[in-house]
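# Structural description and commentary
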Amino acid sequence: MKKLIILPFLFLLSLVAGNAQNLKALVGGTLIDGFGGRPIRNSVILIEGERIKAVGQVGSLAIPQGAEIISTEGMSVLPGLWDMHVHLMLNGHSDYTHWDSTYIDVFESVIMPSSAHQLLMAGVTSARDLGAPLEASINVRNRINRGEIPGPTIYVSGPFIQKAPYPGTEAFRWGVNGAADARAKVKKLIDAGVDVIKLIDQDQMTLEEAKAVVDEAHKYGKMVVGHSHRPDEIRIGLQIGVDNFEHTGLSSAPEYPEDIMQMMKERAAKMNLGPLFWTPTVEGLFNYEYVRDNPEKLDDTSWHLGLPDSIIRDIRASLRYPGRMSYFQLTPVRKPTLTRKFAQLRESGVVMLVGTDSGIPMKFHSQSTWNELDVWVNQFGMDPLLTIKAATYWPAVAMKVDKDYGTISEGKYADIIAVRGDVLRYINLLQDVDLVMKHGKRVK
């Protein structure tokens, strides 16, 4: 009889111990939960397995006995960052033609995993990869999801859809010839498993071709991300229903034309369609002259992570003369227009998302994202809480995964970062993230 009583009791104890071992508690930090409201001081975040179990404060939320306690005293705690415009197949090299022809065979095995790991170590727990060979994109994303390689949760577009690919880029740029071909190309990407469709040069397509791309994507519930470099790319994109525009665009023109502003305001007013999203990607342009004049920044070895010495040497050699790069020669003329265009986007009612174009020349995945937030706050006067919201809450909404990601709240995946100090006063503290947790597992 005693055995019958003791054995169930021991079994119950083992269950309680097992649950406690599966519990973590982040205790003491200032919580910025991603919703944009007032921070929570002396916060407690209980994590059970991969997800957040409860959020509260010291003294009001009990910490279960046996839980692993991780002190966040003196730290800002916030959701893992999103970067909504990265290029995993690139890593800062100045010569695209050389890079593509030399390394395309190792994009999947070396370059893209390296980029993903660098993003994760920088506190980016979710990212949108906009342009890479299809099979490599899908495979790298899936390997990360299976836990085989480290990286953020990745959302991929695979190849760009455009009127005609540039010579030598056919592996990651697909041209279209007629509306039927446009629909077929989009369907092929969707059948392969992409998360979004990326459309560029829509002003060079017929209206029927461009509309077919968007309509086919929407038919299968996929958002369309469109370039906004030229005025007609924006006009046509708005006309055909592009969901999210990328870049500030318009080269050195001082501002968006009035007719485009009116179209943006009218689209933003249509609540039944949801927000119109815009990813300005300003830091690469804004910071170019500083990096050119202070190239010591390029010596930061964080971007070496996961790359063999031969590729590191090649990248370094390509950046020997930062001031000579053709890619950036117009940038000093474009930079003064960014403040006005950024302000116009805010005035128009679009919802802005943090994204960087990370991977372009001199821009590394280990550095780009915090630089974007820094420019928004310290150069363009954006509220730090709203800037963080644009890098956490809104990206998750845009990608329709806000039930699982984007904020520190009950039931969501525990994608959490922490940095020592007050990130709302000093946003550039994000350049050195102390703690990174993805799906409840501490990875840094």
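As the structure is a computational prediction, the values presented were derived from the model and not from experiment.

The rules behind each value
- Every chain is numbered on its own, with residues counted from 1 as its sequence reads.
- Thresholds applied to this predicted model are a pLDDT of at least 70 for local features of residues and 80 or more for the giving and counting of side-chain atom pairs; totals over whole chains, interfaces and linings are not thresholded and use all residues.
- By convention in this description, side-chain values take in all heavy atoms of the structure and omit both hydrogens and water.
- Helix and strand labels come from DSSP, where a helix needs a run of H or I of at least four residues and a strand needs a run of E of at least two; each type is numbered from the N terminus.
- For the radius of gyration, the atom set is restricted to C-alpha positions; the globular benchmark scales as 2.2 Å times the number of residues to the power 0.38.
- Exposure categories follow from relative accessible area, calculated using a 1.4 Å probe and restricted to protein chains: below 20% of the type maximum is buried, above 50% is exposed, and the middle band is partly exposed.
- Under the convention used here, a 1.4 Å probe and the Shrake-Rupley method define accessible areas, while residue burial counts only the protein chains that appear.
- Lys and Arg are tallied as positive, Asp and Glu as negative. Neither His nor the chain termini are counted.
- One atom stands in for each charge, and that atom is NZ of Lys, CZ of Arg, CG of Asp or CD of Glu.
- Two strands are said to pair when DSSP picks up at least two bridges between them.
- Lines fitted to C-alpha atoms define the axes here, with helix axes fitted over just the stretch in contact, and angles between the N-to-C directions of these axes take values from 0 to 180 degrees.
- Put simply, a salt bridge is a Lys or Arg side-chain nitrogen that is within 4 Å of an Asp or Glu carboxyl oxygen.
- With respect to orientation, any angle under 35 degrees is reported as roughly parallel, any angle over 145 as roughly antiparallel, any angle of 65 to 115 as roughly perpendicular, and every other angle as oblique.
- A clockwise turn of the near helix away from the far one marks a right-handed crossing, whereas an anticlockwise turn of less than a right angle marks a left-handed crossing.
- Contacts are residue-level and defined by heavy atoms, with any inter-residue pair within 4.5 Å sufficient.
- Gly counts as polar in this scheme, as do all residues outside two lists: the nonpolar Ala, Val, Leu, Ile, Met, Phe, Trp, Tyr, Cys and Pro, and the charged Asp, Glu, Lys and Arg.
- UniProt positions are given in the numbering used here, feature names are shortened, and annotations may be inferred rather than shown by experiment.
- We call a set of buried residues a nonpolar core when its members are Ala, Val, Leu, Ile, Met, Phe, Trp, Tyr or Cys and they connect through side-chain atoms within 4.5 Å of each other.
- By convention, a stacked pair of Phe, Tyr or Trp rings (six-membered ring in the case of Trp) has centres within 6.5 Å and planes under 30 degrees apart, an edge-to-face pair has planes over 60 apart, and any other such pair is tilted.
- Any Lys NZ or Arg CZ that is within 6 Å of a ring centre and within 35 degrees of that ring's normal is treated as a charge sitting over the ring.

With that settled, consider the overall build of the protein chain. Within the protein chain one finds 15 helices and 19 strands. For 444 residues, the compact-globule estimate of 2.2 N^0.38 gives 22 Å, and the protein chain sits close to it at 23 Å. With respect to the three principal axes, the spread of C-alpha positions in the protein chain is 85 × 50 × 45 Å. A buried classification covers 55% of the 444 residues belonging to the protein chain. Surface accessibility of the protein chain: about 18,600 Å² in total, with carbon and sulfur atoms responsible for 53%. Treating the 48 positive side-chain charges of the protein chain as one cloud and the 51 negative ones as another, the clouds have centres 4 Å apart.

With that settled, consider the sheet that holds strand 3 (residues 43–48). Sheet architecture is open: four strands sit in the order 4-3-1-5, paired in mixed fashion. What marks the edges here is a single partner per strand, and that holds for strand 4 (51–57) and strand 5 (68–71). Direction aside, the axes of adjacent strands within the sheet are offset by 20° on average. Sheet analysis places strand 3 next to strand 4, joined by six bridges and oriented antiparallel.

In this section: the pattern of salt bridges. Evaluated as defined, the whole model comprises 21 salt bridges. Here Asp191 and Lys187 are joined by a salt bridge, their closest N and O atoms 2.9 Å apart. A residue pair is termed a helical-turn pair when its members lie 3 or 4 positions apart in one helix, as Asp191 and Lys187 do in helix 5 (residues 179–192) at four residues. A residue is classified by how much of its surface remains accessible, and Asp191, at 54% relative accessible area, is exposed. Residue class for Lys187 comes out partly exposed when judged on its relative accessible area of 25%.

Interhelical geometry of helix 5 versus helix 6 (residues 207–219) gives an angle of 30° and a closest axis separation of 8 Å. Between helix 5 and helix 6, the crossing angle belongs to the class labelled roughly parallel. By crossing handedness, the relation of helix 5 to helix 6 is classed as right-handed. Residues Ala179, Ala182, Arg183, Val186, Lys187 and Ile190 of helix 5 touch helix 6, and the partners they reach there are Glu208, Glu209, Ala212, Val213, Glu216 and Ala217. Partitioned by chemical class, the residues of the contact of helix 5 with helix 6 number seven nonpolar, no polar and five charged.

Turning next to the UniProt feature "domain: Amidohydrolase-related" (unreviewed entry) in the protein chain. Per the UniProt record, the feature "domain: Amidohydrolase-related" (unreviewed entry) sits at residues 77–443. Within the segment residues 77–443, helix and strand shares are 39% and 14% respectively, and the terminal C-alpha atoms sit 15 Å apart.

We now examine unusual backbone geometry. Both trends apply: most residues other than glycine have a negative phi, and most peptide bonds are in trans. Even without being a glycine, Ser251 presents a positive backbone phi close to 50°. Tracing the backbone shows Ser251 in the loop between strand 14 (244–246) and helix 8 (258–268). With a phi angle near 45°, Thr281 is a residue other than glycine that sits in the positive phi range. Mapping Thr281 onto the fold places it in the loop between strand 15 (277–279) and helix 9 (283–286). A relative accessible area of 7% places Thr281 in the buried class.

This part covers the nonpolar core. In this structure, Ile161, Ile197, Leu199 and Leu430 are the most contacted members of the largest nonpolar core, which totals 97 residues. Not counting chain neighbours up to four residues away, the residues in contact with Leu430 comprise Leu78, Leu81, Ala122, Trp370, Leu373, Ile417, Val419 and Val423.

This model, assessed by the stated rule, comprises 16 aromatic pairs. When the ring of Phe342 is compared with that of Trp376, the centres are 5.2 Å apart and the planes differ by 70°; the resulting orientation is edge-to-face. With Phe342 in helix 12 (residues 331–348) and Trp376 in helix 13 (residues 368–378), this pair connects stretches of sequence that are 34 residues apart. Each member of the pair Phe342 and Trp376 is classed as buried. Three or more aromatic residues joined by ring pairs form one cluster here, namely Phe35, Phe277, Tyr393 and Trp394. For the cation-ring pair, Arg324 lies above Tyr321, with the distance from its terminal atom to the ring centre recorded as 3.7 Å.

The next subject is the sheet that holds strand 7 (residues 81–86). Judged by pairing direction, the sheet is parallel, and its three strands sit side by side in the order 7-8-9 without closing on themselves. In this open sheet, the two edge strands, each paired with only one partner strand, are strand 7 and strand 9 (153–156). On average, adjacent strands in this sheet sit at an angle of 15° to one another, irrespective of strand direction. Running at roughly 140° to strand 8 (residues 124–129), helix 3 (residues 107–121) makes contact with strand 7 and strand 8 of the sheet.

Here Ser251 falls in the partly exposed class, since its relative accessible area comes to 33%. A sequence separation of 94 residues divides Ser251 from Leu345, and the C-alpha atoms of the two residues are 16 Å apart. Not counting chain neighbours up to four residues away, the residues in contact with Ser251 comprise His229, Leu330, Arg334, Thr337 and Lys341.

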